[in-house]
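# Examination of the molecular architecture
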Amino acid sequence: MRADDDRDNVAVKLFRLFGAALVAGVLVAFIALPVVGSTGVSARDASNSFLNMHSDLKMTPPSEKTVLYDASGKPLATFFDRYRESVKLDQVNAIMQKAMIAIEDSRFYQHGALDPKGTVRALATNMESGQTAQGGSTLTQQYVKNLLVESAKNDQEYLAVTAPTVGRKLRELRYALDLEHKLSKPQILEGYLNIAYFGAGAYGVQAASKRYFSKPASKLNLEQAALLAGITKNPTTFDPTLNPKDARKRRDTVLLRMAQLHVVTKAQADAAAAKPVRLKETKPEGGCEVSSAPFFCEYVRHEMIRILAKGKTDQASVNTAKRQLQRGGYSIRTTLDPQAQAAAQNAILDHVGSRNPRSAAETMVEPGSGRIKAMAVSKRFGTKRKKGQTVINLAADQAHGGGYGYTAGSTFKIFTLAAALDSGIPIRTSINSPQSLYDYGPYTDCKGKSRGYWHKVSNAGDSEAGTFNLRSGTWHSVNTFYAQLEKRVGLCESVRMAEKFGLKQADGKPLQQIPSQVLGSNEVDVTQLAAAYAGFAGRGRYCSPIAIAQVTDADGKAVQIPKADCKQVIDQDVADQVNDILKGVLTKGTASNIGGIGRPAAGKTGTCEEFSCALFAGYTPNLASAVWYGDADLPWKHRVYGVYGATIPGPIWAQSMRTALRGKPAVSFNRPPDTFGDVTQLAVPDVQGMSVRVAKATLEGARFNVHVSAKRVRSSELPDMVARTSPAAGSTLDEGSDVTIYVSQGDPNSGGGNGNGPGNWPNPGNWPTPSYGNGRRGNGGLLWPPVGQ
């Protein structure tokens, strides 16, 4: 004790005689490097350097975790490179504060940036041992060191602020002196508790408390506080998850010191020391891979990087933005609707599954706002491709973590339909549409440049040949009808209509102005497509898709984010008429097999080029969705034969929409005005048993376009009389639609199929006669239903 008193008296005399700054420089130099004299650095040199150095420490806030929340406020994901959650000092239990001061700097409230007694004691000890056996750093100095380490932007800066040099020690002390004048003692303690490393990836006392005990720092008890306070001296050695015995010994040392300083009684310290170390760990998990909506999370992550980079795309700006996202402590409220997200994910997994070699993706968008309500992919998020994982966001474009996209198929016909109606082409416009068109054209793009001829365009089946109008041609998704309609509307006008609804290629390039664009040859993604269809649901008001509703920084200040760009891109009446026509796709057309969703809805099927994938895009007035199904890796080598928009994507859409909208009001579409030259709906008369001449006259009198099949069929009707019609009697068709008469060959034993034909096959809706071949169901290879392309 006498030696310690002598050292303290020396320090006091030196401070009185020479002043704090000079003595501090000398002492710190000797403490830091006991053999400093041999290096030629004098005490005077150290002190002069100390007095002249820059003292204004830039208080860079310590890194904070960024948290994503869904629309209901539930956390979705956390981003961090250092797991930290800063808190105010009054949110840290007083016993934790006392434990830290007791073991790190017991005279914290009695001294300034430098503790004379502690410094001299450390100096004497180091001189006796010939090495740095004892440090003289105060808690303020430790805080400064941590701030400097935290502000290091690269390895080189880190080495500079941790180098074992006199200059570094003097710089820390100079900053500490300045800090003591700027901040109060409680503020310094709060800063240190929030910045210190407590091992196991936990930075700051709140993160450490949750990491080791799964409780906030305000709930720590004596033995827990002592354990945490002991870790900071050497976070690896005293990490209780790695070295529980060493951690307990260190804890007990802290308890002993607290008793010596009368912070707690000896009985309290002994009782706490007698208890084993009991942990209740919560390991910090970050990134999108642990999110409940990983692909939506990835979409948001890319969007936030773009926002923080302020639109700059150079690598340095992007890297800085990534670092900022990981460390900035942002609270990001997203647009994700938990009910819709669960609906989309469950529907995809029910129909496809995560282990399926092919994939599915779906995005839901709210009409009128552009808010992304759900984004789901069948694959698990991850880098292990052999286990069926992927980090490519199959629902998004390249700018948001997606790939090159996929052809949209006949879902793109909606834009040519809208352009036709907008240009004044009547709905009743009839176009003779054969099974195939050859060398059809020419087409001209928006610059007046010829895009040549369509070498060949064909329908999905022979049954689609005939005369169609804007309704029936859309319902049955007739390719040759739309090739001719695009020619009448104009290639440029069709493409510009799609662009009005935000469509571009998935790689960010403009849509290709080529004739096949009407059949969806441009590669897009379901997020863009869902937002476009939401524009029709919103009566022609298109809003760019958004995933972020609000962002605040670590200080609670709002961060400026882009809002949805909403514009009225077509007249409401035109949009209402498009919606009215697309309602028929679900009741009379290529998607009539999915059974609707129990409320007014509209949609369109689509099959990608060369059967590489299939899509369905549909909507109600309050929610739009697009679904894709296919092979994400090798679409051209692994064609999805036999799959159309209504076979897998359609049922996924229907199931997810029913669930997502459960409990929501069923809203009706607006009725379009009678100004679009609509067709009249007529019932097919019953002409069975009539002569061909009378039957033909009857059907033509009912304003149908009549054909007589050259092939006679077996029937109970007399020879040369009408056996049946297709569509059947009672079917409701547009005025001018095709009706085919089949003449009886007079076989009284006929009553059904003979195994080579459909017989009395049930025909839900108005599907064409089923065909046979190498199909998906039945021993005869029946291709049924022959739904939309």
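None of these values were measured; they are calculated from a predicted model.

Looking now at the overall build of the protein. Helix and strand counts for the protein stand at 24 helices and 28 strands. Buried positions account for 51% of the 789 residues belonging to the protein. Partitioning the intrachain contacts of the protein with sequence separation of at least 6 by distance along the chain shows that 69% fall at a separation of at least 24. Of the roughly 35300 Å² of accessible surface on the protein, a fraction of 49% belongs to carbon and sulfur atoms.

If you look at soluble globular proteins, the nonpolar side chains tend to sit buried side by side. Phe415, Phe501, Tyr619 and Trp653 are the most contacted members of the largest nonpolar core, which totals 129 residues. Other than its neighbours up to four places away in sequence, Trp653 contacts Glu362, Leu586, Ile594, Ile597, Ala601, Ala602, Phe616, Gly618, Tyr619, Ser625 and Val627.

Bringing unusual backbone geometry into the picture now. Residue Gly441 is joined to Pro442 through a cis peptide bond whose omega torsion reads 0°. Along the polypeptide, Pro442 turns up in strand β12 (residues 436-444). Following Ser726, the chain continues to Pro727 via a peptide bond in cis, the omega torsion being 0°. With respect to the secondary-structure elements, Pro727 resides in the loop between β24 (722-726) and β25 (732-734). Phi is positive for Ala200, which is not a glycine, with a value near 55°. As for its position among the elements, Ala200 is in the loop between α9 (185-195) and β4 (202-203). Residue class for Ala200 comes out partly exposed when judged on its relative accessible area of 22%. The backbone phi angle of Ser214 is positive, close to 55°, even though this residue is not glycine.

On to the sheet that holds strand β23 (residues 705-708), then. Through backbone hydrogen bonds, the strands of a sheet pair up, either in parallel or in antiparallel fashion. Overall, mixed pairing links the 3 strands, which are arranged β23-β26-β24 in an open sheet. Strands with a single pairing partner mark the edges of an open sheet, and in this sheet they are β23 and β24. On average, each strand axis in the sheet is tilted by 25° relative to the strand beside it, whichever way the strands run. Bridge count for β23 against strand β26 (residues 738-743) is 4 bridges, and the pairing is parallel.

Moving on, we come to the packing of aromatic side chains. As enumerated under the stated definition, the model contains 17 aromatic pairs in all. Ring plane angle 80° and centroid distance 5.4 Å describe the contact between Phe481 and Tyr482, whose orientation is recorded as edge-to-face. Considered together, Phe481 and Tyr482 belong to a single accessibility category, that of buried residues. In this structure an aromatic cluster arises from ring pairing among Phe412, Phe415, Phe501, Phe536 and Tyr542. Note that Lys185 overlies the ring of Phe108, its terminal NZ or CZ placed 4.4 Å from the centroid. Residue placement shows Arg724 over the ring face of Tyr742; its charged tip is 4.4 Å from the ring centre.

Let us now look at a positive patch on the surface. Judged by side-chain charge, Arg355, Arg380, Lys384 and Lys387 come together as a positively charged surface patch. With respect to the element layout, Lys387 can be found in the loop between β8 (380-381) and β9 (389-390).

Let us look at the packing of helix α17 (residues 413-422) against helix α20 (residues 491-500). For any two helices packed against each other, the geometry is given by the interaxial angle and the distance between the axes. Packing of α17 against α20 leaves a shortest axis separation of 8 Å and a crossing angle of 110°. What the angle tells us is that α17 and α20 run roughly perpendicular. Relative to α20, the crossing made by α17 is right-handed. Where α17 approaches α20, its residues Phe415, Thr416, Ala418, Ala419 and Asp422 are matched on the opposing element by Glu493, Ser494, Met497 and Ala498. By residue class, the composition of the contact of α17 with α20 is 5 nonpolar, 2 polar and 2 charged.

Our next topic: the environment of Ala225. Structurally, Ala225 can be placed in helix α11 (residues 222-231). A sequence separation of 29 residues divides Ala225 from Val254, and the C-alpha atoms of the two residues are 9.3 Å apart. Once residues lying within four places of it in the same chain are set aside, the contact partners of Ala225 are Ile95, Met96 and Ala99.

Now for the side chain of Asn194. One can find Asn194 in helix α9. Relative accessible area serves as the criterion here: at 6%, Asn194 is assigned to the buried category. Excluding its chain neighbours within four sequence positions, the residues that come into contact with Asn194 are Arg84, Glu85, Ser86, Val87, Tyr203 and Gly204.

Further remarks concern the packing of α17 against helix α21 (residues 526-537). Viewed as axis vectors pointing N to C, α17 and α21 meet at an angle of 35°, and their least axial separation amounts to 11 Å. Crossing hand, α17 versus α21: left-handed. On α21, the residues touching Ile414, Phe415 and Ala418 of α17 are Ala532, Tyr533 and Phe536. The residue makeup of the contact of α17 with α21, split by class, is 6 nonpolar, no polar and no charged.

Each value, and the rule that gives it
- Residues numbered from 1 in each chain as written.
- Predicted model: local features only at pLDDT ≥ 70, side-chain atom pairs only at ≥ 80, totals over all residues.
- Heavy atoms only, no water.
- Helix = DSSP H or I, 4+ residues; strand = E, 2+ residues; numbered from the N terminus.
- Buried < 20%, exposed > 50% of the residue type's maximum accessible area, 1.4 Å probe, protein only.
- Contact = heavy atoms within 4.5 Å.
- Areas by Shrake-Rupley, 256 points an atom, 1.4 Å probe, with all protein chains shown as cover.
- Core = buried A, V, L, I, M, F, W, Y, C linked by side-chain atoms within 4.5 Å.
- Pairing = 2+ DSSP bridges.
- Axes fitted to C-alpha atoms, helices over the stretch in contact; angles between N-to-C directions.
- Phe/Tyr/Trp six-rings, centres within 6.5 Å; stacked < 30°, edge-to-face > 60°.
- Lys NZ or Arg CZ within 6 Å of the ring centre and 35° of its normal.
- Patch = residues over 30% accessible without salt bridge, like charges linked within 9 Å, V, L, I, M, F, W, Y side chains within 5 Å.
- Salt bridge = Lys/Arg side-chain N within 4 Å of Asp/Glu carboxyl O.
- Lys, Arg positive; Asp, Glu negative; His and termini not counted.
- Charge placed at Lys NZ, Arg CZ, Asp CG, Glu CD.
- Parallel < 35°, antiparallel > 145°, perpendicular 65-115°, else oblique.
- Left-handed = near helix turned anticlockwise from the far one by under 90°.
- Nonpolar A, V, L, I, M, F, W, Y, C, P; charged D, E, K, R; others polar.

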